[in-house]
Amino acid sequence: MKKIFILIFASVAFIGCKQNDEYKKVDASQIKVEGSMNAELTAPPFVPKPVGDRPAKKLIVNMEIIEKEGEMADGVKYVYWTFGGTVPGSFIRTRIGDEVEFHLKNHPDNKLPHNIDLHAVTGPGGGAKSSFVAPGHEVTFSFKVLNQGLYVYHCATAPVGMHIANGMYGLILVEPEGGLPPVDKEYYVMQGDFYTKGANGEKGLQPFDMVKAVKEEPDYVVFNGKTGSLTGDNALTAKVGETIRLFVGNGGPNLVSSFHVIGEIFDNVHVEGGSLVNHDVQTTLVPAGGAAIVDFKVDVPGSLVIVDHSIFRTFNKGSLGLINVSGDENKTIYSGTQSDEVYHPEGSTIQTMPNETGAKAPKAVTLVERIADGKSIYAKTCFACHQATGEGLPNAFPPLAKSDYLNADVNRAIEIVLKGKTGEVVVNGKKFNSVMTAQTLSDEEVANVLTYVYSTWGNSKKEVTPAMVKAVRSKK
Ligand SMILES: [Cu+2]
């Protein structure tokens, strides 16, 4: 028994040693700088050019603080406080040994004093003390970057939580000597949680809500400052065969991110943004005030979905982004659906047959029977998403009660139940952009459930018959 213990200990110690040996600490305080240059600053999702093999330099950073109104979601306005005019703030790219001369300017139109705490700084408050700056002023301070890695910066002016919650955070990268290994594409993605007086989706200018912030109950959890910052025309792009690197940060102020890309596996993760590299990772934790660098090669075309895998945040609060990968299929890596047949637990000697004859549903003769049967189908099938009284859920499931979309076109409604629906729909003036799966119901079941929906909740009282469903089903 004792021997086994010693053996385990010895091997653990050995593995530990091996990893430590691979990491060589550089005494960056001894690195001499050669010349000076202005730092390139970029707005998300872009990052400045890699440092490559340039020597350490005096790097001049000009950062302007701007308080300005922006859009958190469709029709939802918010006054952001920003480093450089964006949330997250401008990306700063340095190399180990650089001497950064930091100029922090507070625009004269701003209302409040601010400062900056850079986690890459060795010194009191990460620079916060020396950088406190009133509106219409500029302060300068310098620091030498001693540690490589990806670091968060943020405002640290009281109330600190409020300055961060309003968007005052960003990332500063310190590359090692010679730079990070090159990749084909690099992007900047930073999560943040937001607290508004109104509930999620409530339109108009929304002030910051301190009570919700203290309770840590955000209305929005988003990438790059707003919902939709990385979807639609803003989606990130890549081509099959390319290597992608994401510089991922989390400004918080409160939540920890379970960072994940649906449809990919991270080949390399700089854990917590530091020098330890893990491989073959599905989800990496990014703490509030922390970061990670993730690399992966894209092998097949399609849309990869960037999420916080605390998944209600993604589907109900906004933390969703896309990487659209174009190029040729590779069926050995991913086949797509190869077959979809009826599953018979007892083994199938009977032919496989889609459930569409209506044989298993009772034949409703009168309208009253149709509605009664439709009600029970609704309770089994539709209720989970569209809710018991058809009111739906904001931003997730559209209402069926008094739905202008439903009442406008019965054949379209039949088609949605039969074939499912994706893409944007506007119901009673509210946009939805989600996925309804196709329902496997018989013609009569579809007729009955839709007749029930049409007959209740202030809808048009249209009767849908199996013949109408059959006609839509046989269209193409
Ligand atoms: Cu501030």
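Definitions and limits used
Along every chain, residues carry numbers that run from 1 in the direction the sequence is written. Thresholds applied to this predicted model are a pLDDT of at least 70 for local features of residues and 80 or more for the giving and counting of side-chain atom pairs; totals over whole chains, interfaces and linings are not thresholded and use all residues. Derived side-chain values reflect all non-hydrogen atoms in the structure, with water molecules and hydrogen atoms excluded from consideration. Ligating atoms shown are N, O and S within 2.8 Å of the metal, or 3.2 Å for Na, K and Ca, and water is not included, meaning a site may look less than complete. Throughout this description, buried means an accessible area under 20% of the type-specific maximum (1.4 Å probe, protein chains only), exposed means over 50%, and partly exposed covers the range between. Planes of paired rings set the category: under 30 degrees apart is stacked, over 60 is edge-to-face and the rest tilted, where pairs are Phe, Tyr or Trp rings (Trp by its six-membered ring) whose centres lie within 6.5 Å. A run of H or I in DSSP becomes a helix once it reaches four residues, and a run of E becomes a strand once it reaches two; helices and strands are each numbered from the N terminus. Counted as over-ring charges are cases with an Arg CZ or a Lys NZ within 6 Å of the ring centre that also lie within 35 degrees of the ring normal. Given the number of residues in a helix, its expected span is that number minus one, multiplied by 1.5 Å. Only protein atoms enter the calculation, which uses a 1 Å grid: trapped sets of points that fit a 1.4 Å probe without letting it out are cavities, open sets showing protein on both sides within 12 Å along at least five of seven lines are pockets, and any residue with an atom within 4 Å of a point is a lining residue. Grid points are joined across faces, edges and corners, and a volume is the space filled by probe spheres set on the points. Under the scheme applied, nonpolar residues are Ala, Val, Leu, Ile, Met, Phe, Trp, Tyr, Cys and Pro; charged residues are Asp, Glu, Lys and Arg; polar residues are all the others, including Gly.

A. Highlighting the coordination of the copper ion. Protein-derived ligands of the copper ion are His-114 (ND1), Cys-155 (SG), His-163 (ND1) and Met-168 (SD), with the metal-ligand distances lying across 2.0 to 2.5 Å. Along the chain, the residues donating to the copper ion are arranged with the sequence spacing H-x40-C-x7-H-x4-M. Across this residue pair, the class does not change: His-163 and Met-168 are buried.

B. Main features of the packing of aromatic side chains. Considering all chains together, one arrives at 15 aromatic pairs under this definition. Centroid distance Phe-91 to Phe-247: 5.4 Å. Interplanar angle 55°. Geometry classified as tilted. With Phe-91 in strand β5 (residues 91-95) and Phe-247 in strand β15 (residues 243-252), this pair connects stretches of sequence that are 156 residues apart. With a relative accessible area of 0%, Phe-247 lands in the buried category. Here the aromatic residues Phe-223, Phe-259, Phe-266 and Phe-296 are joined through ring pairs into a cluster of three or more. In this structure, Arg-412 is placed above the aromatic ring of Tyr-405, and the distance from its NZ or CZ to the ring centre is 3.6 Å.

C. Just helix α9 (residues 443-455), in detail. Compared with the 18 Å implied by 1.5 Å per residue over 13 residues, the 18 Å span of α9 between its first and last C-alpha is a close match. Burial analysis of α9 places 13 of its 13 residues in the buried class, the great majority of the element. Remark: Trp-457 follows α9 within two positions and exhibits a positive phi of approximately 55°.

D. Looking closely at the layout of surface pockets. Taken as a whole, the largest pocket holds about 1200 Å³ of empty space. Together, 33 residues line the largest pocket, and Thr-227, Asn-395, Lys-431, Phe-432 and Asn-433 are the ones closest to its centre. At the level of elements, β3 (58-73), α4 (311-317), β22 (320-326) and β24 (430-436) are the ones that each hand at least two residues to the lining of the largest pocket. It is β24 that provides the largest number of residues to the lining of the largest pocket, a total of six residues. Tallied by class, residues from the lining of the largest pocket come to 11 nonpolar, 13 polar and nine charged. Roughly 570 Å³ of internal volume is contained in the second largest pocket. Around the second largest pocket, the lining is made up of 28 residues, and of these His-386, Pro-398, Leu-400, Ile-416 and Met-436 lie nearest the centre.

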